[in-house]
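In case you want the letters, here they are:
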Amino acid sequence: MSIGTAGTPVYAADTEFGPSNPFYAESTLPFHAPPFDKIKDTDYQPAIEAGMAHQREEINQIANDPAAPTFENTIVAMEKTGRLFERAMLAFGCVTGANLNPTLQKVQEIEAPKLAAHNDAIFLDAKLFQRVKTIYDKRGSLKLDAESLRLVDWYYKKFVHSGANLSEADKAQLKKLNEEESTLTQGFTTKLLAATKDAALVTTDKAALAGLTDAQIAAAAEAAKTRKTEGYIVPLQNTTQQPDLSLLKERASRQTLFENSWNRAEKSGANDTRETVSRLAELRTQKAKLLGFPNYASWKLEDQMAKNPAAAIKFMDSLVPGTTAAARSEARDIQALIDQQKGGFQLQPWDWEFYAEQVRKAKYDLDESQIKPYFELSNVLENGVFYAANQMYGITFKERKDIPVWQEDVRVFEVTDSNGKPLALWYGDYFKRDNKNGGAWMDSLVTQSKLFSALPVVINVCNFAKPAAGQPALLNFRDVTTMFHEFGHALHGMFADTVYPTLSGTAVARDFVEFPSQFNENWATYPAVFHHYAKHYQTGEPMPAELMQKIKKSLKFNQGYAFTEVVAAAQLDMQWHTLPPGTPKQNPDEFEKQALDKTNLALSYVPPRYRSSYFAHIWGGGYSAGYYAYLWAEMLDHDAFQWFDEHGGLTRANGDRVRKMVLSRGNTEDLGKMYDAWRGAKPSVEPMMKFRGLTPESGN
Ligand SMILES: [Zn+2]
């Protein structure tokens, strides 16, 4: 690097980047919130590239420091690198997820490989690793506090996990495998996207769509027009089961739609993913061998709460008897209904949703239009979500109209702690837009750390239907639950109270990160909270008790099916990723059959939520050997709620305790130990099975 005349570093890549770029200096807004009113789409790329260049130089300086490695000059020094890079990337992540446009999309495409290479350049840097290893090897004699020790451990393991300990020849081999893996992964995603589009249900016969609403049929006609096809098109959703299967009256249409879904990526053409899947599975066994592990899952789960595949498999095995028994019992109810209607056929997977919907209506008589007026969005937010957090933790919320946002619908609240001190800034972006990613999520715009005296700035993004101008935003109960869920993540981020940004807030293992969020969902139905927000938006009348009971009861409906399909997908994922090195390439269809048989999940009418050939989480996303994490975190959620139940429920004392022992602590301790210390015991699956109505005594 070159040094400026006044001793200020001057960076080579600064050509398009200077003081006029809003990311150049730390934001002067409250909480260092990004100045979205000043940031232009064209500001991101130069800031990200300059940010990477700055960080590379900072890292080089650490790696080449002539002084002997110390915790301060190496580990803490690394924590201090990349400030500009992080500033730009957090804002960029927010706008690309919630408010994308072609300019930003282009930047995303250009930067993706550069970002991956940037990460490799740091974690496969031999000199840097040598310094980290020196510190790690003598960590016992350094008199570091517990959080600093955890940070040393984190860096060392991150380097080793990335392959820093390998010989140069093995490193080269690993880089090659990584490269092939990323190409195959990208290929899988591209093929699956095209295959899913091609496998839509196409018909020119309107009668085949009987059961769909007029609006849905109009949408199907519109979809056909867009694709310049005659008739109607019902596009596929990503899961095995398709939502429209609950409505389609024609059995033949249901069968076609289901089979289109099931076989979408197995049509032997250019978009058949089976060869990609086989090679990816084989490649991952090779990677595991290179890194010194008995299988890929063992490598992947090293830093997770479960720690190894055996623990994850034991956990999943324990769920199978209860959930499959419930699914069989639900199947008997459905078969009885089919027989009663003189259907004259055996229940198949394409019939399930259609008849389950009829059972649901008969059993619970739950009509969404009756419920929604009690769940107006602002009311749910302030008198439900915020209220529960206030009752639990004593925190308060004040809307701020002076903080710039990325889109006009976004609302900003300043969060004040129970002691009157500022705690965080929180943004809510609730309405669906065409340029927003699907689903709901939490993210950060500023990471909490004492190292930089930074308070957290967090966002919640959802996809609720936006009402017409002047109309109230009325939610269904699933949306209400989603608000509580995402706010649980937000609390995990806002309560963060750690020194180092790397260990802060939600930067925890995959099988732990969904725990605070799923746990927070419990307050949505907690009587003291529910009665405080479930009020009619026009009359202010509380929801009638009978309606509330219907909602509560309906939550346990169809859980045998819903849980079994998830457990089957999770077991399938783990079976693929525990193949030992040297296993030849597998035929995905045969492998899948054996895997489901072996785990006692081969129920003909309950296929896995994702089939191997379209399981994007594990072949195209970051959840390889990790799909079980959803179930694992759900176990923690219900287990934790049971503790609350036994200790007086929603009280400030209970809230402060979980905040102090878990929610404020990010990744500063082994997560299993952290949980057990708070809970006073190891987590158990019983409360989850009971909540889902999957235990014998709960009488599903
Ligand atoms: Zn979540």
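Described in the following lines is the structure provided in the data block. Since this is a predicted model, take the numbers as computed values, not measurements.

### Things to note about the sheet that holds strand E7 (residues 422-431)
- With mixed pairing, 5 strands are arranged side by side in an open sheet as E5-E6-E7-E9-E8. Each edge of the sheet is formed by a strand with only one pairing partner; in this case those strands are strand E5 (396-399) and strand E8 (441-446). Strand-to-strand, the axes of this sheet are offset by a mean angle of 30°, without reference to chain direction.
- Direction of pairing for strand E6 (residues 411-416) relative to E7: antiparallel, over a ladder of 6 bridges. Residue pairing in the sheet places Thr416 in a bridge with Pro422 of E7.
- Taken strand by strand, helix H15 (residues 377-393) contacts E5, E6, E7 and strand E9 (457-464), and its axis lies near 20° from that of E6.
- On top of the sheet, helix H16 (residues 477-494) reaches E5, E6, E7, E8 and E9; it is set at about 165° to E9, its chief contact.

### Notes on the packing of helix H12 (residues 309-340) against helix H13 (residues 349-364)
- Between H12 and H13, the least distance of the axes is 10 Å, while the angle of their chain directions is 85°. On the basis of the axis angle, H12 is roughly perpendicular to H13. Here Ala327, Glu330, Ala331, Asp333, Ile334, Leu337 and Ile338 of H12 lie close against H13, whose contacting residues are Trp352, Tyr355, Ala356, Gln358, Val359 and Lys363.
- Looking at the contact of H12 with H13, its residues break down into 9 nonpolar, 1 polar and 3 charged.

### Re the environment of Ser329
- Note on placement: Ser329 falls in helix H12.
- Of the residues examined, Ser329 reaches a relative accessible area of 23% and is grouped as partly exposed.
- In this structure, the C-alpha to C-alpha distance between Ser329 and Gly428, residues 99 residues apart in sequence, is 41 Å.

### A look at the nonpolar core
- Core analysis: the biggest nonpolar cluster contains 157 residues, and Phe375, Trp426, Phe487, Trp523, Tyr533 and Met543 have the highest contact counts within it.
- When residues of this core are assigned to their parent elements, the largest contribution, 11 residues, is made by H12.
- Not counting residues up to four positions away in its chain, the partners in contact with Tyr533 are Tyr374, Phe375, Asn379, Val380, Asn383, Gly384, Phe477, Val480, Phe484 and Ala524.
- Listed in part, the 35 residues of the second largest apolar core include Ala50, Ala91, Val412 and Ala454.

Cut-offs used in this document
- Residues numbered from 1 in each chain as written.
- Predicted model: local features only at pLDDT ≥ 70, side-chain atom pairs only at ≥ 80, totals over all residues.
- Heavy atoms only, no water.
- Pairing = 2+ DSSP bridges.
- Helix = DSSP H or I, 4+ residues; strand = E, 2+ residues; numbered from the N terminus.
- Axes fitted to C-alpha atoms, helices over the stretch in contact; angles between N-to-C directions.
- Contact = heavy atoms within 4.5 Å.
- Parallel < 35°, antiparallel > 145°, perpendicular 65-115°, else oblique.
- Nonpolar A, V, L, I, M, F, W, Y, C, P; charged D, E, K, R; others polar.
- Buried < 20%, exposed > 50% of the residue type's maximum accessible area, 1.4 Å probe, protein only.
- Core = buried A, V, L, I, M, F, W, Y, C linked by side-chain atoms within 4.5 Å.

So, to be careful, I would describe these as geometric facts and stop short of saying anything about function.
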